[in-house]
Amino acid sequence: MLSLNTQESEPNKENCSKPEPKNQSLHPLTLQTLISPRGIAPQTTRNCQTNPSTTHEKNYKPLTVRNTPKQFFDHEGKHEPTKCSVKENGIVKAYAACTNQGLVRNFNEDRVSIVLNISKPASFKDRSWPKCSFFGVYDGHGGSACADYLRDNLHKHVIHSMYFPGNPKEALKEGFQAAERAFLEKAQKTGEKSGSCAIVLLVIGKYCYVANVGDSRAIMSADNGSKVYLLSKDHKPSDIQERTRIEHNGGRVYQSVATSQNNKQVLGPQRVLPGRLSVSRTFGDIEAKNPSSGGNPKVLVCEPEIKAFKLSSGFDFVVMASDGIFDKLTNREVVQSAWSSAFDQKAKDLHKQCAASTESIMRSALNKRTLDNITVVMVAFENFQQKHGELP
């Protein structure tokens, strides 16, 4: 019997933040494998080239998946479209994902992993097995090796935990720690120094579990966009709880100061020592964690914060995105961007609608000149499906 969170209440009452005020194989279905012939799963995903009339921009071009030239709105260059589902999977009625290097970066260190229909292991032969799916966004830094590892392996560590699927929170905690140990062992041998943040949505039956390490974020639209729930907490050294934890364990938080051309002082982001990172929890980053190199494993940690809720009839969709999105958009602006594409012109099916909404969020951040890599994953539930069916 599954020991799941049986709270029937809306998530803000127990496990999630309050809404903002209104104004079969374990091989992951990843964006990288979808680009190449190997790993393509045509039964569960497709390219979604949305109609140009779904946006206010006259010269709309679909966003790319990876490694697009900086001038990605130009006609030149080959662009991979957003990826989206073709059929529903349990309470997940549709999903879409897109990742892009952004306006100024020459590389993309973000990665995405989507795993559907997680197979029942042989040890569960005589027990029931719920429909499970796993969505992950990994924002790498200092290279892409850590994000690559998480994309290919984090879901495996979670699924292979002795607690899965009966105790999902413990399975996530154990899986995250196992992935951290495995990558750091690999990094110790190879000299790899990269790290990564991670935001994960694990769906088991009618329950959703959001696990976060770092400053990527998950939010949820409810009641046709009238409510916005924050499903994760950004792990920043500026956060009072994170700063207290860092200093209690022997670390330090500092802030750099620069002088502008007008001789005005400009404050940089708050950072953590050891590591000199602007996030307080990560995977990898061996130099900040290995005592032999001056690191402290108790300061920069990969312990996830987890929030859980049971799907309610009023929940529309979840958006997970890297910090490049939220650097320029508020939570409500992200939800409004997702809904705007649906109201501007309805796509012919829910899957393409998710793709259009995902690209709308990407465009909104790019129009505000976000400078980071950007990644968006949208997971739609029944309420969004019903609203889409009602649109003219």
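Once a new chain begins, its residue numbering starts again from 1 and follows that chain's sequence as written. Where local features are concerned, this predicted model is filtered to residues with pLDDT of at least 70; where side-chain atom pairs are given and counted, the filter is 80 or more; whole-chain, interface and lining totals use all residues. Values shown for side chains rest on all heavy atoms present in the structure; no hydrogens or waters enter the calculation.

**Focus on the overall build of the chain**
Logical step 1: Comment: elements are numbered from the N terminus, with helices defined as DSSP H or I runs of at least four residues and strands as E runs of at least two. When its secondary structure is counted, the chain shows nine helices and 16 strands.
Logical step 2: Note on areas: Shrake-Rupley, 1.4 Å probe, and residue coverage restricted to the protein chains presented here. Just so you have it, the chain exposes about 17,500 Å², and 48% of that area is on carbon and sulfur atoms.

**Thoughts on the pattern of salt bridges**
Logical step 1: Salt bridges are counted wherever a side-chain nitrogen of Lys or Arg sits within 4 Å of a carboxyl oxygen of Asp or Glu. Taken as a whole, this structure holds 16 salt bridges when the rule is applied.
Logical step 2: Asp 215 is the partner of Lys 236 in a salt bridge, and the nearest nitrogen-oxygen pair spans 3.0 Å. One end of the pair, Lys 236, is in the loop between strand 10 (227-230) and helix 4 (240-248); the other, Asp 215, is in the loop between strand 8 (207-213) and strand 9 (217-222), with 21 residues separating them in the sequence.
Logical step 3: The partner of Glu 242 in a salt bridge is Arg 281, with the nearest N and O atoms 2.8 Å apart. Of this pair, Glu 242 sits in helix 4 while Arg 281 sits in the loop between strand 12 (265-273) and strand 13 (283-284), and the two are 39 residues apart along the sequence.
Logical step 4: Judged by its relative accessible area of 7%, Arg 281 falls in the buried class. Relative accessibility under 20% of the residue-type maximum defines a buried residue, over 50% an exposed one, and the middle range a partly exposed one, all with a 1.4 Å probe and only protein chains included.

**Here we look at the confidence of the model for the chain**
Logical step 1: Here the chain averages 82 in pLDDT, while 79% of its residues score no lower than 70.
Logical step 2: A score between 0 and 100, pLDDT records how confident the predictor is in each residue. Any two residues having at least one pair of non-hydrogen atoms within 4.5 Å are treated as being in contact. Counting contacts from residues 21-45, a segment whose pLDDT is below 50, to residues more than four positions away or on other chains yields 70 contacts.
Logical step 3: The low-confidence segment residues 49-79 (pLDDT under 50) makes 72 contacts with residues lying over four places distant or belonging to another chain.

**Some thoughts on helix 3 (residues 168-190)**
Logical step 1: Spanning 23 residues, helix 3 covers 32 Å between terminal C-alpha atoms, matching the ideal 33 Å at 1.5 Å per step.
Logical step 2: Every buried residue of helix 3 is listed here: Pro 168, Ala 171, Leu 172, Gly 175, Phe 176, Ala 178, Ala 179, Glu 180, Phe 183, Leu 184 and Ala 187.
Logical step 3: The first or second residue beyond helix 3 is Gly 191, which carries a positive phi of 80°. For a helix, the expected span equals 1.5 Å multiplied by the number of residues minus one.

**Quick word on the environment of Ser 133**
Logical step 1: Positionally, Ser 133 belongs in strand 6 (residues 132-141).
Logical step 2: Through-space distance from the C-alpha of Ser 133 to that of His 155 is 9.7 Å; in sequence the pair is 22 residues apart.

**Notes on the packing of helix 2 (residues 145-159) against helix 3**
Logical step 1: For helices, the fitted line uses only the C-alpha atoms of the stretch in contact; every axis is such a line through C-alpha atoms, and the angle between N-to-C directions lies from 0 to 180 degrees. Axis separation between helix 2 and helix 3 bottoms out at 9 Å; the angle between their running directions is 140°. When the axis of helix 2 is compared with that of helix 3, the two are oblique. When the axes of helix 2 and helix 3 are compared, the crossing they make is right-handed. Residues Ala 145, Cys 146, Tyr 149, Leu 150, Leu 154, His 157 and Val 158 of helix 2 form the contact with helix 3, whose participating residues are Ala 171, Leu 172, Gly 175, Phe 176, Ala 178, Ala 179, Ala 182 and Phe 183.
Logical step 2: All residues other than Ala, Val, Leu, Ile, Met, Phe, Trp, Tyr, Cys, Pro, Asp, Glu, Lys and Arg, Gly among them, are scored as polar; the first ten of these are nonpolar and the last four charged. Of the residues that constitute the contact of helix 2 with helix 3, the class distribution is 13 nonpolar, two polar and no charged. Oblique is the label for every angle not falling under 35 degrees (roughly parallel), over 145 degrees (roughly antiparallel), or within 65 to 115 degrees (roughly perpendicular). Less than a right angle of anticlockwise turn of the near helix away from the far helix marks a crossing as left-handed, whereas a clockwise turn marks it as right-handed.

**Quick word on helix 7 (residues 331-344)**
Logical step 1: Helix length check: helix 7, at 14 residues, gives a terminal C-alpha distance of 20 Å against a target of 20 Å (1.5 Å per residue), a fit within 8%.
Logical step 2: Among the residues of helix 7, Asn 331, Arg 332, Val 334, Val 335, Ser 337, Ala 338, Trp 339, Ser 341 and Ala 342 are the ones counted as buried.

**Observations concerning the environment of Asn 383**
Logical step 1: Of note, Asn 383 is situated in helix 9 (residues 382-390).
Logical step 2: According to the relative accessible area criterion, Asn 383 is buried, its value standing at 13%.
Logical step 3: C-alpha separation for the pair Asn 383 and Ala 222, spaced 161 residues apart in sequence, amounts to 8.3 Å.
Logical step 4: Leave out the neighbours within four places in its chain, and Asn 383 touches Asp 223, Asn 224, Ser 313, Gly 314, Phe 315 and Asp 316.

**Some remarks on the side chain of Arg 281**
Logical step 1: There is a polar contact of 2.8 Å between the side chain of Arg 281 and the side chain of Glu 242.
Logical step 2: Here Glu 303 takes part through its backbone oxygen, which lies 2.8 Å from a polar atom of the side chain of Arg 281.
Logical step 3: In this view, Arg 281 contacts Cys 197, Val 213, Gly 214, His 235, Glu 242, Arg 245, Leu 300, Val 301, Glu 303, Pro 304 and Glu 305; residues no more than four positions away in its chain are not counted. Here a polar contact is recorded for every N or O atom pair within 3.5 Å, except that within protein the pair must consist of a potential hydrogen donor and a potential acceptor, and residues adjacent in sequence are included only if both atoms are side-chain atoms.

**A short note on the nonpolar core**
Logical step 1: Each nonpolar core is a collection of buried residues, namely Ala, Val, Leu, Ile, Met, Phe, Trp, Tyr and Cys, held together in the definition by side-chain atoms within 4.5 Å. Core analysis: the largest hydrophobic core is formed by 35 residues, its most contacted members being Phe 134, Leu 154, Phe 164, Leu 172, Phe 176 and Phe 283.
Logical step 2: Of all elements in the fold, only strand 6, helix 2, helix 3, strand 7 (195-204), strand 8 and strand 14 (305-310) reach the threshold of two or more residues within this core.
Logical step 3: Beyond its immediate stretch of four places on either side in the chain, Phe 176 contacts Leu 154, Val 158, Val 200, Ala 211, Val 213, Phe 283, Cys 302 and Pro 304.
Logical step 4: Core analysis: the next-biggest nonpolar cluster, separate from the first, contains 29 residues, Phe 326, Val 335, Ile 361 and Ala 380 among them.

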